[in-house]
Amino acid sequence: MLKKIEDLNYYELLEVSPRATSQEIHKAYERIRKIYDPNSIALYSLFSPDETEKIRQRVEEAYRTLIYEENRRMYDLSLRDYLDELPPQEQPPARPVSATPVQPSHPSSVPPASPPMPSPAAYAAPAPAAPAPVPPPPVAALPVQPPPQDIAEFSGTVLRMLREQRGMTIQNVADTTKLSARYLECIEEENFAKLPARPYLRGFLVNYAKALGYEPDRIAADFLKRYDAFKNPPKK
Amino acid sequence: MIELQEALRKKEIWAIGGGKGGIGKSLITGNIGITLARLKKKVLLVDADLGGANLHTTLGIGVPEMTLSDFLNRRVETIQEVIIKTAIPNLSLISGAQDFLDAANPNFAQKTRLLRHLETLDADYILLDLGAGTSFNILDFFLFSDHGILVVLPEPTAIENAYRFIKSAFYRRFKKVVTNQNVKDLIDAAMDQKNSMGIRTPVDLIERVKSMEKEVGEILELEVSTFRPKLIVNQVRTKNDVQIGFSMKSACQKYFGINLEYLGYVEYDDCVWQSIRSKRPLVIEYPYSRPARCIERVVHNLLRKEQMTLSMLY
């Protein structure tokens, strides 16, 4: 279907899939902004300076809308027809869907002004193609609560359990915390040798704990204790 | 079923053009041909640059005795007689016209005869090296081929001409599928960038055609989606130069609505002009040079029907 530039939606404008993560959107934005630079030699013979400027403005608008979860959710609602027509998600990139509009478990995140919601499945990513249900997206601003008291020590295994309980994948956590998935795996496997120096690790743990929705202090302290024990084994 | 037929279809015709002169069309054609021949494909190179043929030189062949003009002038009956075997196994050449002044502008009958004969030839790949400019003959060869490949340099002049070429090819294709004279006139008018009807882009044009005759507009829309020229950026010196391919792809998508496939780039290197000076093909004289490697990658993408992705850049 041919569309004028003015009629492209924000996803088409940034050349990303409507299921793109915020990281992908950011990357795409940087790329498109470079392409539509007023001095670009690949443009001037197609677009007049005015047109280029207009495209640039729209690209800015698109980025500012899509990069904030709340704005993006509202925007996705207005695009519902378009999103419904999407072909089913391809198999290999099992990327998390960070913009699924409604989370049944977090009803408070529904935009208050919107009309009564139809079933969330109506505009959630078409899941049937995936073998297992798509894990719920990471929610950036989970209310932080104290970690469960009945857990004696927060080891890597416990962290993994907590994460899996919340239905998050490593990739989800990596996306919200901006930590590399490899380090997160190392934390869970307690692969201490591969982890960075103590102060950095502490920062990682704090972020990880927050992503799981817990107050970080106890979790970080417990894990670091195990890390220290590995680094300085008790002398015989 | 259609896929099966496509896979079984033996011959593919690729045309290499680009609008501007001196951007390496012949060099790239010749070296793609050699690379394909080394992959045990039967390749025929046709120098369709009828006004300024020099594909034979990039292959290291002297001025050939038999050329395309002998065929066009009916000095020989079949096209087989003007095919020259090269020193490289599986690679043969039809050289461009050298002597015949009118050959640069073959008439319609000559052109169709040439294309008809090309189709009968036994080869896996026929590569047409097109001349510079956007004359109807060049555009017709480009549109006739299975894959139209554009070469650009990362320079404003070359890019300008490449867009001009895309636009001309595009509108010529439109005119071929349309029978209604009014629509044809409209397409002609739209070619003029400063037309009075406010038609700036192909999207505007299709909208206007649709308002005249809905069905014709829909046919044109279909044409847009099947027109997929390919792009090679030559003489790349920096990463920004590589990026230009992606920029052009994006701009074409947004302006023309067409899908330009970015096949790859060829790096700038002195060994290219050294190979031309010595009249020896690049991929034979400097097989491990960076440009030769780049050409291999382009061929790989062509055969696999793949294109450059952003992840290759970072």
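Just above, that's the structure.
Residues numbered from 1 in each chain as written. Chains lettered and ligands numbered in written order. Predicted model: local features only at pLDDT ≥ 70, side-chain atom pairs only at ≥ 80, totals over all residues. Heavy atoms only, no water.

K.L.:
Give a description of the packing of helix H2 (residues 22-35) of chain A against helix H11 (residues 239-255) of chain B that names residues and reports values.
P.N.:
Where H2 of chain A contacts H11 of chain B, the axes come no closer than 10 Å and their chain directions differ by 85 degrees. By the angle between their axes, H2 of chain A is roughly perpendicular relative to H11 of chain B. Residues Arg31, Ile32 and Ile35 of chain A of H2 of chain A form the contact with H11 of chain B, whose participating residues are Gln243, Phe246, Ser247, Ser250 and Lys254 of chain B. When its residues are assigned to classes, the contact of H2 of chain A with H11 of chain B shows 3 nonpolar, 3 polar and 2 charged. (Axes fitted to C-alpha atoms, helices over the stretch in contact; angles between N-to-C directions. Helix = DSSP H or I, 4+ residues; strand = E, 2+ residues; numbered from the N terminus. Parallel < 35°, antiparallel > 145°, perpendicular 65-115°, else oblique. Contact = heavy atoms within 4.5 Å. Nonpolar A, V, L, I, M, F, W, Y, C, P; charged D, E, K, R; others polar.)

K.L.:
I'd like a rundown of the sheet that holds strand E7 (residues 230-236) of chain B, residues and numbers included.
P.N.:
Residues and elements named next belong to chain B. Strands sit in the order E3-E4-E2-E5-E1-E6-E7-E8 across an open sheet of 8 strands; the sheet is mixed. The sheet is open, and its two edges are formed by strand E3 (83-85) and strand E8 (261-267), each paired on a single side. On average, adjacent strands in this sheet sit at an angle of 25 degrees to one another, irrespective of strand direction. Sheet topology note: the strand E2 (residues 43-47)/strand E5 (residues 125-129) ladder contains 5 bridges and is parallel. Looking at E5, one finds that aspartate 47 is bridged to aspartate 129. Packing against the sheet, helix H14 (residues 290-304) makes contact with strand E1 (12-17), E5, strand E6 (147-152), E7 and E8, and its axis sits at approximately 165 degrees to E8. (Pairing = 2+ DSSP bridges.)

K.L.:
Provide a residue-level description of the packing of helix H6 (residues 136-144) of chain B against helix H7 (residues 156-177) of chain B, including the pertinent values.
P.N.:
All names here are of chain B. Close contact between H6 and H7 brings their axes to 10 Å; oriented N to C, the two are set at 75 degrees. Classed by the angle they form, the pair H6 and H7 counts as roughly perpendicular. Contacts from Phe136, Ile138, Leu139, Asp140, Phe142 and Leu143 of H6 reach H7 at Phe165, Ser168, Ala169, Arg172, Arg173 and Lys176. Residue classes in the contact of H6 with H7 are distributed as 7 nonpolar, 1 polar and 4 charged.

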